[in-house]
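# What the coordinates show
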Amino acid sequence: MTDPLQPTPLTAGNWKMNGLSASTGELAALIHAVNTKTAPTCGILICPPYTLIAAMAAQAAGSTVMIGAQDCHAAYSGAHTGDISADMIADAGATHIIVGHSERRADHGESSELVKAKAVATHQAGLIAIICVGETDAERDAGKTLEVVGDQIARSIPDGSAAENTIIAYEPVWAIGTGRTPTVEDVADVHSAIRSALVARFGASGQAFALLYGGSVKPSNASELMAAANVNGALVGGASLKATDFDGIIDAYRV
Ligand code: PGA
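Since this is a predicted model, take the numbers as computed values, not measurements. (Residues numbered from 1 in each chain as written. Predicted model: local features only at pLDDT ≥ 70, side-chain atom pairs only at ≥ 80, totals over all residues. Heavy atoms only, no water.)

### Some words on the overall build of the chain
- Within the chain one finds 10 helices and 8 strands.
- Its C-alpha radius of gyration of 17 Å places the chain within 12% of the 18 Å reference for a compact globule of 255 residues.
- A principal-axis box enclosing the C-alpha atoms of the chain has dimensions of 50 × 45 × 40 Å.
- For the chain, buried positions account for 51% of its 255 residues.
- Taking the intrachain contacts of the chain between residues at least 6 apart in sequence as the baseline, contacts between residues at least 24 apart amount to 71%. (Helix = DSSP H or I, 4+ residues; strand = E, 2+ residues; numbered from the N terminus. Rg over C-alpha atoms; globule rule 2.2 N^0.38 Å. Buried < 20%, exposed > 50% of the residue type's maximum accessible area, 1.4 Å probe, protein only. Contact = heavy atoms within 4.5 Å.)

Here is the structure:
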């Protein structure tokens with residue numbers, strides 16, 4: 001019997017603003033690898049740009065690979081030219097939405113309050129929110145990592161969150177796309193602080209939330225990072241674009 005307080009690990013790929021119709025070949029290669037190799041003990045998710053969600057969700061149907069989105073609008077529908085609602089994303093066949101990625105927080109000035117509203121919209125659409133937090137280089141140098149992450153956790157996670165509808169991703173901003181990663185000890189420290197904050201707020205069920213690490217995860221460092229305490233998977237950018245690299249990261253969950 002599965003322990004209800006044991007998080008279900010997830011290896012998630014964030015394609016960011018990359019991917020044309022030809023990129024569905026990478027999904028085909030990933031599905032082939034997943035179908036032919038040992039089944040991993042983690043879920044597998046790819047978050048392509050909006051334009052590929054419907055096609056890739058149809059392509060992944062019948063496989064264990066899930067398809068998600070990288071952002072959504074906080075409103076259900078309405079006069080928001082160019083925006084996409086969580087309901088539209090659900091309708092396209094996605095199961096997860098990343099909210100509060102540091103590139104959204106930085107490029108679009110998204111506050112933790114907005115991120116929380118987007119997570120609520122995600123829940124209302126029946127989808128799983130992957131809520132991202134993480135400190136900048138300057139905040140880290142100033143010794144403020146736990147303070148910054150603690151504040152983002154407190155203000156970005158809606159009250160209605162539970163392990164079934166919410167995953168947290170710790171992504172130090174300075175580690176994203178840079179090839180630099182924190183030490184395994186530093187990752188474990190931050191994840192343990194996040195775990196404590198979740199338990200303080202949600203009680204014992206706070207133990208069940210999956211906590212992903214993200215930032216320069218690649219096949220060569222995945223096993224070490226995924227073995228850290230309270231790390232229940234990865235959110236992968238650059239190395240998720242090629243099926244061989246992404247599958248090499250999933251290998252951390254094949255015994
Ligand atoms: P990276 O990006 O793996 O390319 O560092 C991670 C992310 O932004 O989710």
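### Thoughts on a negative patch on the surface
- Residues Glu185, Asp186, Asp189 and Glu224 make up a contiguous surface patch of negative charge.
- Per element, the largest residue contribution to the negative patch is 3 residues, and it comes from helix α8 (residues 184-202).
- Residue classification places Glu224 among the exposed positions, given a relative accessible area of 53%. (Patch = residues over 30% accessible without salt bridge, like charges linked within 9 Å, V, L, I, M, F, W, Y side chains within 5 Å. Areas by Shrake-Rupley, 256 points an atom, 1.4 Å probe, with all protein chains shown as cover. Salt bridge = Lys/Arg side-chain N within 4 Å of Asp/Glu carboxyl O. Lys, Arg positive; Asp, Glu negative; His and termini not counted. Charge placed at Lys NZ, Arg CZ, Asp CG, Glu CD.)

### Let's talk about the pattern of salt bridges
- For the structure on display, the rule yields 14 salt bridges.
- Put simply, Lys37 and Asp247 hold a salt bridge, and the shortest N to O gap is 2.7 Å. One end of the pair, Lys37, is in the loop between α1 (24-36) and β2 (43-47); the other, Asp247, is in helix α10 (residues 243-250), and 210 residues separate them in sequence.
- Put simply, Asp159 and Arg201 hold a salt bridge, and the shortest N to O gap is 2.8 Å. Of this pair, Asp159 sits in the loop between α7 (145-156) and β6 (166-170) while Arg201 sits in helix α8; the two residues are 42 residues apart in sequence, bridging distant segments of the chain.
- Taking relative accessible area as the criterion, Arg201 reaches 32% and is therefore assigned partly exposed.
- Ionic contacts of the salt-bridge type, sharing partners, join the residues Lys37, Asp247, Asp251 and Arg254 into one network.

### Structural notes on the packing of α7 against α8
- Between α7 and α8, whose axes approach to 10 Å, the crossing angle comes to 35°. Handedness of the α7/α8 crossing: right-handed. Residues Thr145, Leu146, Val149, Ile153 and Ala154 of α7 lie in contact with α8, whose contacting residues are Asp189, Val190, Ala193, Ile194, Ala197 and Arg201.
- Split by residue class, the contact of α7 with α8 holds 8 nonpolar, 1 polar and 2 charged. (Axes fitted to C-alpha atoms, helices over the stretch in contact; angles between N-to-C directions. Left-handed = near helix turned anticlockwise from the far one by under 90°. Nonpolar A, V, L, I, M, F, W, Y, C, P; charged D, E, K, R; others polar.)

### Observations concerning the packing of α1 against helix α2 (residues 50-60)
- The interhelical angle for the contact between α1 and α2, taken along N-to-C directions, is 25°, at an axis separation of 10 Å. One element, α1, and the other, α2, form an angle in the roughly parallel class. By crossing handedness, the relation of α1 to α2 is classed as right-handed. Side by side, α1 and α2 meet where Thr24, Leu27, Ala28 and Ile31 of the first sit next to Met56, Gln59 and Ala60 of the second. (Parallel < 35°, antiparallel > 145°, perpendicular 65-115°, else oblique.)

### A few points about the environment of Pro172
- Within the secondary structure layout, Pro172 lies in the loop between β6 and α8.
- Taking the relative accessible area as the measure of exposure, Pro172 reaches 0% and is therefore buried.
- With 22 residues separating them along the chain, Pro172 and Gly150 place their C-alpha atoms 13 Å apart.

### Digging into the site of the ligand
- Around the ligand, the surrounding shell holds 13 residues, and the nearest of these are Lys16, His101, Glu171, Gly177 and Ser216.
- Taking His101, its side chain carries an N or O atom lying 2.7 Å from an oxygen atom of the ligand.
- A total of 280 Å² of accessible area belongs to the ligand in isolation, and the protein chains cover 95% of it.
- Its residues placed into classes, the shell around the ligand shows 4 nonpolar, 7 polar and 2 charged. (Near = heavy atom within 4 Å. Polar contact = N/O pair within 3.5 Å; in protein donor to acceptor, adjacent residues only side chain to side chain.)

### Focus on the packing of aromatic side chains
- Throughout the structure, instances matching the rule amount to 2 aromatic pairs.
- For the ring pair Phe202 and Phe209, a centre distance of 5.3 Å and an interplane angle of 35° mean the geometry is tilted.
- The buried category is assigned to Phe209, whose relative accessible area is 1%.
- Taking NZ or CZ as reference, Arg140 lies 3.9 Å from the ring centre of Trp174, over its face. (Phe/Tyr/Trp six-rings, centres within 6.5 Å; stacked < 30°, edge-to-face > 60°. Lys NZ or Arg CZ within 6 Å of the ring centre and 35° of its normal.)

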